[in-house]
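Each chain is listed here by its residues.
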Amino acid sequence: MKSCLLPKCRLTRLLAWLQIVLGGLVVVVSLSTLFTFYRAGFPIHHEDICRHVYGVKETAAATALNDQPRFDVLSLSNRIGEVLNKLDRLQQKLEFKVKQMEKNDKNSSISTLEYKKYLEDEIVRPLYAAHIDLRQIRLPKLDGDGPNATLNEDPLINTFIVEEIRKYITPKESRVGKVNIYGTDRVYNAIGHGCVRYKKELEEYMDYDIGSYCKDDWDLAQRLMINGCDPVPRRRCLARASKTYQRPLPINESLWKVPEDRNVRWSRYACRNFKCLNATNAKRGYSKCSGCFDMEKERLKWVAAAPNGSLAVDFSIDDVIAIKPGEIRIGLDFGIGTGTFAARMREHNVTVISTALNLGAPFSEVIALRGLVPLYVTLNQRLPFFDNTMDMIHTAGFLDGWIDLLLMDFILFDWDRVLRPGGLLWVDRFFCKRKDLDDYMYMFLQFRYKKRKWSVYPKSKDEVYLSAVLEKPPRAI
């Protein structure tokens, strides 16, 4: 009986001593951790201490509050998490495959080629992808020595996986080790902050073979731009063009003639020719600028001898230019269209740049084929012009009652920056709900421009048109 109880007694004592040892280790580790925290000044809750002690969210908040560049722990954590998820999925696949093999008949066998293909597709490639992701993680650099050293990291470098994006956003240092012509020691390629939110779409856009033809995905780039990923990164591939591209018409013919169908890539549009765009059908792919591909109707816009159907809010170009005779030389047309306003102004020896997005139809291509200059920008972007340079800014059919007042405020202040003293802001057929008219009128009048022309006209029972020509006052300080 004693020989039977002795081994049990020894096992009990061994487990008891093991628990005591483990408990002691826990106490020692806890005390050492607390000692480290108190020695570092943990009770003070200094921002640097919080950055090292608290979690990822607190780290990001502390980083935003500090003026010095910090290490993006959140992006690094996400990247490591992606790699761990890949390894976890690989493990689950292997475990599932082992269970399948155990259930199958022992006599069944697979060929060497099948086994090799399985190893390459299910094991080697996932492991290689995880290995590459780990190697792409860039740790921060330590700038300075001693207690004043700071952790610096290239912005967004650990956010993206596709190597071409990482190469694009990596700062490019001067090859000669000196300050460049811009007065900096390195160049940062810019991308919009919305690119982080649309990471999957951006990585799809930047996944291509260097030096080969780009994918026919201009619409993907435009979606990225509209959603805040603006500017979109440059690419090192060759842009596609129409296979049947023909020489454009001379400038004296191209202004008022519909371009050739073969000079447009139609693959991403609902229509496949200009005849379809001019048709009155709901499936043509666009709703704004109705009839702007019909050059006969376009000829009637902004002319001195206005048709009988024109409204009191329709100003002619002759009347507006007469406000500042000889002073209107260059301008910007911010709206949706095929460049007709710029074509009319060209007849008055005025150079106008037309903004254009291909919202369901080839607006940019048509403007260029007419011999005019399209500017491919969104509402998200600051205008690429210097201060006080434009003689005129014209807007029609784009800034309407749908636009948020705060967004409109930023846009109008940017236009005010670009417009020179004495320049004209031509608001053409802006429409909104009648109850919102006072709010939008304030937005236009807050700059104290001089009213050169002003007209409000009913559009419907609940909506109104507003047209105005406003002159920017001098602000010499």
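The structure reproduced in this document is the subject of the present report. Treat the numbers as computed from the prediction; the structure is a model and nothing was measured. (Residues numbered from 1 in each chain as written. Predicted model: local features only at pLDDT ≥ 70, side-chain atom pairs only at ≥ 80, totals over all residues. Heavy atoms only, no water.)

### Overview of the overall build of the protein chain
And step 1. A tally of regular secondary structure across the protein chain gives 17 helices and 11 strands.
And step 2. With 477 residues in all, the protein chain has 37% of them scored as buried.
And step 3. Long-range contacts, defined as pairs at least 24 residues apart, comprise 65% of the intrachain contacts of the protein chain with a sequence gap of at least 6.
And step 4. Element-wise, carbon and sulfur atoms account for 57% of the exposed surface of the protein chain, whose accessible area totals about 30000 Å². (Helix = DSSP H or I, 4+ residues; strand = E, 2+ residues; numbered from the N terminus. Buried < 20%, exposed > 50% of the residue type's maximum accessible area, 1.4 Å probe, protein only. Contact = heavy atoms within 4.5 Å. Areas by Shrake-Rupley, 256 points an atom, 1.4 Å probe, with all protein chains shown as cover.)

### Considering the environment of leucine 357
And step 1. Examined against the element boundaries, leucine 357 turns out to sit in the loop between β6 (351-355) and α15 (363-369).
And step 2. Residue classification places leucine 357 among the buried positions, given a relative accessible area of 11%.
And step 3. A C-alpha to C-alpha distance of 7.4 Å links leucine 357 and isoleucine 336, two positions 21 residues apart in sequence.
And step 4. Among all residues touching leucine 357, those that are not within four sequence positions of it are Gln222, Ile226, Phe363, Ser364, Tyr376, Val377 and Thr378.

### Brief notes about the nonpolar core
And step 1. In terms of nonpolar packing, the biggest core is built from 72 residues, with Phe293, Met345, Phe363, Trp415, Trp426 and Phe430 touching the most fellow members.
And step 2. Residues contacting phenylalanine 430, with those up to four places away along its chain left out, are Leu399, Asp400, Gly401, Met408, Tyr440, Phe444, Val464, Tyr465 and Leu466.
And step 3. Phe160, Val162, Tyr168 and Ala221 belong to the second-largest nonpolar core, a separate cluster that totals 20 residues. (Core = buried A, V, L, I, M, F, W, Y, C linked by side-chain atoms within 4.5 Å.)

### Quick notes on the state of the cysteines
And step 1. For the structure on display, the rule yields three disulfides.
And step 2. In this model, cysteine 214 is linked to cysteine 237 through a disulfide, with the two sulfur atoms separated by 1.9 Å. On the sign convention where negative means left-handed, the S-S torsion of about 100° between cysteine 214 and cysteine 237 marks this disulfide as right-handed. Taken as a pair, cysteine 214 in the loop between α8 (199-205) and α9 (218-226) and cysteine 237 in the loop between α9 and α10 (251-254) lie far apart in primary sequence, 23 residues in all. Each of the two residues, cysteine 214 as well as cysteine 237, counts as buried.
And step 3. A sulfur-sulfur distance of 2.0 Å marks the disulfide that ties cysteine 271 to cysteine 276. Of note, the bridge from cysteine 271 to cysteine 276 carries an S-S torsion of about -60° and is left-handed in sense.
And step 4. Among the residues examined, cysteine 271 registers a relative accessible area of 1% and is labelled buried.
And step 5. With a relative accessible area of 22%, cysteine 276 lands in the partly exposed category. (Disulfide = S-S within 2.5 Å.)

This is a description of form; function is not addressed.
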